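Summary of structural features
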Amino acid sequence: MKIYISGKYFERSEARVSVFDHGFLYGDGIFEGMRSYSGKVFRLSDHIERLWESAKGIALEIPFSEVEMERAVNDTLLLNGISDGYIRLIVTRGEGTLGLDHHLCREPQVIIIADKLALYPNELYENGLEIVTASTIRVNPSMLSPQVKSLNYLNNILAKIEAYKAGCAEVLMLNSRGEVAECSGDNIFIYKRGELRTPPPEAGILEGITRRVVLEIAVKTGLRVKETPMTRHDVFTADECFLTGSAAELIPVVKLDNRIIGKGKPGEITKKLLKLFQEETRK
Ligand code: PXG
């Protein structure tokens, strides 16, 4: 495996950043997680755009142009001979002192890792996922915007620990108003009374790129679509539920907090949207 670090490639065992990098010391940095299909990164320009937005959100200047970044991602994928894989793009604040001062970090580091995919087991796509509600509340956007895909994922990790303890692969996170926000690394959708619903950005979510593509596909197929605040009640009483993420694509959810959603198996709309999504990725 060849890992890209700021213009050079390193073997996995040689790929290192400084312990003084504020990405390490403070989680001061940003990232993107992308998927490639047949050697092509899905919605690469959307990911690059979101990376630039995250950077702006934390006053971090990325030392490349967007075109150069796209080229570095594609080159790393090609060099590693990965066709269907997962790409992690990271930009750290760079090496600084032990203090918080970001302005002393003069050289942001850009890291690109292209790896094989680690997916949910197939069985979960066939039978659906069971999730639980975390008692860890999704960070409030007025404190730290979930739109910034930052290197500090502790909020999500604390929720994921709760999932693990409950024997689940994902976990539902509520916002500080008690509304449904998203899962630890996926967005959530429900289908209810002929309408596809997902929480709006104001619910305090990361606006996933998969989420956006699914909304586009749903509109194209003539489904009624609504970005609307929702509660756990809406999920319990939904006809169908699924999660979206770059790695997961669309994955059905059949139980929340041990309560059966809909018929307790992946729904028809979910299956149809997954099929259409997969067609979109293979175009
Ligand atoms: N919400 C959160 C909080 C995320 O981190 C998504 C939604 C889905 O976004 P995309 O753009 O991928 O549709 C994410 C992204 C993993 C992993 O290994 C996943 C993410 C982040 C870090 C690791 O599964 N998800």
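First, a word on what this report is: a plain description of the structure on this page. Per chain, residue numbering runs from 1 following the sequence as it is written. For a predicted model such as this one, the threshold for reporting local features is a pLDDT of at least 70, and the threshold for listing and counting side-chain atom pairs is 80 or more; totals across whole chains, interfaces and linings nevertheless cover every residue. Side-chain measures here rest on the full set of heavy atoms in the structure, leaving out hydrogens and waters.

What follows concerns unusual backbone geometry. Phi at Arg 43 is positive, roughly 50 degrees, even though this residue is not glycine. A run of H or I in DSSP becomes a helix once it reaches four residues, and a run of E becomes a strand once it reaches two; helices and strands are each numbered from the N terminus. Mapped onto the elements, Arg 43 comes out in the loop between β4 (40-41) and α2 (44-57). For Ala 59, which is not glycine, the phi dihedral falls at a positive 55 degrees. On the secondary structure map, Ala 59 appears in the loop between α2 and α3 (66-79). Remark: exposure states derive from per-residue accessible area (1.4 Å probe, protein chains only) relative to the maximum for the residue type, with buried under 20%, exposed over 50%, and partly exposed in between. Looking at Ala 59, the relative accessible area reads 56%, which means it is exposed.

A few words on the packing of aromatic side chains. What characterises a pair of aromatic rings is the spacing of the ring centres plus the angle enclosed by the ring planes. Note on ring pairs: Phe, Tyr and Trp rings are taken, using the six-membered ring of Trp, and paired if centres are within 6.5 Å. Classes follow the plane angle, with under 30 degrees stacked, over 60 edge-to-face and the rest tilted. For the coordinates displayed, the defined rule picks out five aromatic pairs. An angle of 70 degrees between the planes, with centres 5.5 Å apart, marks the rings of Tyr 4 and Tyr 9 as edge-to-face. In this structure Tyr 9 comes out as partly exposed when scored by relative accessible area, which is 33%. The interplanar angle of 10 degrees and the centroid separation of 4.9 Å between the aromatic rings of Phe 189 and Phe 242 together place this pair among those described as stacked. Placement of the pair is Phe 189 in strand β10 (residues 187-192) and Phe 242 in strand β13 (residues 240-245), with a sequence separation of 53 residues. As far as burial versus exposure is concerned, Phe 189 and Phe 242 are alike and both buried. Grouping aromatic residues by their ring pairs yields a cluster made of Tyr 37, Phe 42 and Phe 277.

Only heavy atoms are used to decide nearness, and a residue is near a molecule or strand if one of them lies within 4 Å of it. The environment of the ligand is made up of 19 residues, and the closest members are Tyr 153, Glu 182, Ile 209, Thr 210 and Ser 246. Any pair of N or O atoms that falls within 3.5 Å is considered a polar contact. Within protein, one atom must be able to donate a hydrogen and the other to accept it, and sequence-neighbouring residues count only if both atoms are side-chain atoms. Measuring from an oxygen atom of the ligand, one finds a side-chain N or O atom of Tyr 153 at 2.5 Å. Take Thr 210: an N or O atom from its side chain is 2.6 Å from an oxygen atom of the ligand. Surface exposure here means Shrake-Rupley accessible area, sampled with a 1.4 Å probe, where a residue is shielded only by the protein chains that are shown. Contact with the protein chains hides 81% of the accessible area of the ligand, taken as 550 Å² for the molecule alone. Contributions of two or more residues to the shell around the ligand are made by α6 (209-220) and β13. For this classification, the nonpolar set comprises Ala, Val, Leu, Ile, Met, Phe, Trp, Tyr, Cys and Pro, the charged set comprises Asp, Glu, Lys and Arg, and every other residue, Gly included, is treated as polar. Among the residues making up the shell around the ligand, the classes are represented as four nonpolar, nine polar and six charged.

Once that is clear, we can look at the sheet that holds β4. Whether two strands pair comes down to DSSP finding at least two bridges between them. Here we have six strands laid out as an open sheet, ordered β2-β1-β6-β5-β3-β4, and antiparallel in their pairing. Each having just a single partner strand, β2 (8-11) and β4 make up the two edges of the open sheet. Where strand β3 (residues 29-37) and strand β5 (residues 85-92) come together, eight bridges link them in antiparallel fashion. What sits directly across from Arg 35, in β5, is Tyr 86.

Moving on, we get to α3. Take the residue count of a helix, subtract one, and multiply by 1.5 Å to get its expected span. Its 14 residues place the ends of α3 20 Å apart at the C-alpha level, agreeing with the 20 Å of an ideal helix rising 1.5 Å per residue. Every buried residue of α3 is accounted for by Met 69, Ala 72, Val 73, Thr 76 and Leu 77. For α3, the buried positions fall inside an angular range of 130 degrees around the axis, keeping them on one side. Among the exposed residues of α3, those pointing more than 90 degrees away from its buried face are Val 67, Arg 71 and Leu 78. One or two residues past the end of α3 sits Gly 81, with phi positive at roughly 60 degrees. Arc definition: directions from the helix axis to the C-beta atoms.

A few words now on helix α5 (residues 154-165). Here α5 spans 16 Å end to end across 12 residues, near enough to the 16 Å set by a 1.5 Å rise per residue. Listing the buried residues of α5 in full gives Asn 155, Asn 156, Ala 159 and Ala 163. Projected onto a plane normal to the axis of α5, the buried residues spread over an arc of 90 degrees and lie on a single side. Among the exposed residues of α5, those pointing more than 90 degrees away from its buried face are Leu 154, Tyr 164 and Lys 165. When checking whether two residues touch, look at their non-hydrogen atoms; a contact exists if any pair is within 4.5 Å. Looking at the buried positions of α5, the neighbouring elements they touch are β7 (129-133) and β8 (170-174). Following α5 by one or two positions, Gly 167 adopts a phi angle in the positive range, close to 75 degrees.

What follows covers the pairing of β10. Of all six residues that make up β10, six are buried, and the element is covered over most of its length. Across the two faces of β10 the burial is the same, with Asn 187, Phe 189 and Tyr 191 and Ile 188, Ile 190 and Lys 192 all buried. Here β10 pairs with β13 via five bridges, running antiparallel. In the sheet register, Phe 189 faces β13, and the bridge partner there is Phe 242. As paired elements, β10 and strand β11 (residues 195-198) share three bridges and run antiparallel to each other. Residue pairing across strands places Tyr 191 opposite Leu 196, the latter belonging to β11. Between β10 and β11, which follow one another and run antiparallel, lie two residues, and Arg 193 among them has a positive phi close to 45 degrees.

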